[in-house]
Amino acid sequence: MRIVTPTQMRIIEDNSEKYGVPKGRLMVTAGYKLARLIDYHCRNNFSKKIVFIAGCGNNAGDCFVSAELLAEIGYKNISVLMVCGMPRTELAREMYNDIKECVSITNDYKQCLPQADIIIDGVFGTGFRGELNKNIADIFRVNKKAYRIAVDVPSGVNSLRGTVAEGAFKADETLTFGFIKIGMTQYPARDFCGTIRIVDIGIPVKAEKIPKSKKYTLIDRKELKNFPPERKSTAHKGTFGKVLVIAGSNTMRGAAFFAVSGALRSGAGLVQLATTGKCIHTVSVLAPESTFIEVPDNNGYMHFSPDIIDLKKYDAVVIGCGMGMTSETVKLTKFVVENSEVPVIIDADGINCIASDIDILLRKRADIILTPHVGEMARLMKCTVKEVSDNRLRSAEKFISKYKGVTVVLKGAGTIVAEKGRMAINPTGNAGMSRGGSGDILAGMIGAVAGQGYSAFDSACAGVYLHGLAGDIASLKYTREAMLPRDILNCLSYSFRKIK
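Residues numbered from 1 in each chain as written. Predicted model: local features only at pLDDT ≥ 70, side-chain atom pairs only at ≥ 80, totals over all residues. Heavy atoms only, no water.

Caption draft 1: Layout of the sheet that holds strand β12 (residues 270-275). As summarised here, the arrangement of the ten strands in space is β10-β21-β20-β19-β18-β17-β16-β11-β12-β13, forming an open sheet in which the pairing is mixed. Looking at strand neighbours, the two that pair on one side only are β10 (215-218) and β13 (291-294), the edges of this open sheet. Between one strand axis and the next, the sheet turns through 15° on average, direction left out of account. In this sheet, strand β16 (residues 316-319) lies alongside strand β11 (residues 242-246) in parallel orientation, the contact comprising four bridges. Looking at β16, one finds that valine 245 is bridged to valine 318. Contacting β12 and β13, helix α9 (residues 277-286) runs over the sheet at an angle of about 170° to β13. (Pairing = 2+ DSSP bridges. Helix = DSSP H or I, 4+ residues; strand = E, 2+ residues; numbered from the N terminus. Axes fitted to C-alpha atoms, helices over the stretch in contact; angles between N-to-C directions. Contact = heavy atoms within 4.5 Å.)

Structure, rendered in structure tokens:
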């Protein structure tokens, strides 16, 4: 599903004019769709008290159209609360002039808001940046028992970055026009949108095309590019790829198990684990479907021994989960990056091992998929965690702009998959997955998809979507509080069944 930046949306609206659908018609359609939604929630109870909080731009114009339509079909208690003075855009002024005789127009929020059944926020649109005026923030706090609808994007939400101003309008439902705006997919903005409902307002298909524009999508079934592949009767274990997992240490054996199991549960034909002897003893019992390469032990961590790992035998390599960061594992990680001719998924300690020499990515021989959380991303970019968390989208774009053939999976709520020229946001997953081990499963899953011949970007999208979907299923079965990473593994089969 396509998502857009505020700038892209403005271009699309301008293009609409060129292809015969003026902005005034888009506004009327938007107002009509908003009126239908309000009418649905009122259940034809014409005595419901409806209050539109209107700004001075085109979002207010949508509200004016909606208010007039509701008045025409019989709603008696409609108020328009003007919080920014008179409309300043030509379209909004035109729509305002049409409602002066049929609805109550006021600037007294204490009189109209406390008794409202439905409150509609049409103050600021996609162009909002910065902080909210204290008076408007105070208005938004009144009567949180009413059903609250935001027009296009909740006021106070930055629809590019996903940040939220103090006192922002917290909606139960957001009616967004044409496309979801990219900031609405990120937290905390996502929490302020409530249920997001996307409506068609008549934008011509030709207007949606923006030459040389970056592509942004919300991952759904259509984005998975025919994954999983068909399993023909003549298939054998070599058909679905051989994945090498370099992971684990004497004290982090679970990480190796989770990475191996993530790959096994995601369709890989063969999975081989390279790790210390003690780690093999544990994983061989828990995941006997895998095979093993014993790497010499150096105080509980792997010793760099390139002669015992033949990278040419595999279709994908996963490295880093629970591996530890020592001088030997740093050498091992750099060796894999510089010598592998198949996709390499670098997670956890593998990311830390290259953070001090990140330009090693310029010497890679195959596609690289990095799976950092916010802290690891900050180390890669040599900046603060706050700088990344405050602008996750921009951070991912900035990083991959330097490294061709590198895909970044920036983990967290609203996981971002980015490569040069395009970005996808994952809608699945929940807070119950916030436990050690979940990321190791994801790394193995992405490795399995890449090993089956999918591109780095498509492998990452499929991995994060199915991983989050399994987490959502596990949360329903076990609750977010009680679910464990092993429950994600156990629910992967249901994820595959659901997307089929």
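After that view of the structure, there is still more to cover.
Caption draft 2: View of the layout of surface pockets. Volume-wise, the largest pocket comes out at about 1,100 Å³. What lines the largest pocket is a set of 45 residues, and nearest its centre among them are Gly412, Ala413, Thr415, Gly429 and Asn430. Mapped onto the lining of the largest pocket, the elements with two or more residues apiece are β9 (195-199), α8 (253-264), α15 (438-451) and α16 (456-478). Each residue belonging to the lining of the largest pocket can be placed in one class, and the counts come to 17 nonpolar, 19 polar and nine charged. Here the second largest pocket defines a volume of roughly 550 Å³. As for the second largest pocket, its lining consists of 25 residues, and the residues nearest its centre are Glu13, Asn58, Asn59, Gly125 and Thr126. Of all the secondary structure elements, the ones that give two or more residues to the lining of the second largest pocket are α1 (6-18), α2 (23-42) and α3 (58-72). (1 Å grid on protein atoms, 1.4 Å probe; cavity = no way out; pocket = protein on both sides within 12 Å on 5 of 7 lines; lining within 4 Å. Points joined across faces, edges and corners; volume = space filled by probe spheres on them. Nonpolar A, V, L, I, M, F, W, Y, C, P; charged D, E, K, R; others polar.)

Caption draft 3: Region of the structure containing unusual backbone geometry. With an omega of 15°, the peptide bond running from tyrosine 187 to proline 188 counts as cis. Take proline 188: it is sitting in the loop between β8 (180-181) and α7 (189-193). Here the amide bond leading from phenylalanine 227 into proline 228 is cis, since omega sits at 0°, within 30 degrees of zero. Structurally, proline 228 is set in the loop between β10 and β11. One non-glycine residue with positive phi stands out, namely arginine 43, at about 55°. Position of arginine 43 relative to the elements: it lies in the loop between α2 and β2 (49-54). Backbone geometry places threonine 479, a non-glycine residue, at a positive phi of 80°. With relative accessibility at 38%, the residue threonine 479 sits in the partly exposed group. (Buried < 20%, exposed > 50% of the residue type's maximum accessible area, 1.4 Å probe, protein only.)

Caption draft 4: How the structure looks around the packing of α2 against α3. In the contact formed by α2 and α3, the axes pass within 7 Å of each other and the chain directions differ by 55°. Taken together, the axes of α2 and α3 are oblique relative to one another. Of the two possible hands of crossing, α2 and α3 adopt the one that is right-handed. Residues Met27, Val28, Ala30, Gly31, Tyr32, Leu34, Ala35, Ile38 and Asp39 of α2 lie in contact with α3, whose contacting residues are Asn58, Gly61, Asp62, Cys63, Val65, Ser66, Leu69 and Leu70. (Parallel < 35°, antiparallel > 145°, perpendicular 65-115°, else oblique. Left-handed = near helix turned anticlockwise from the far one by under 90°.)

Worth remembering: the numbers are spatial, not functional.
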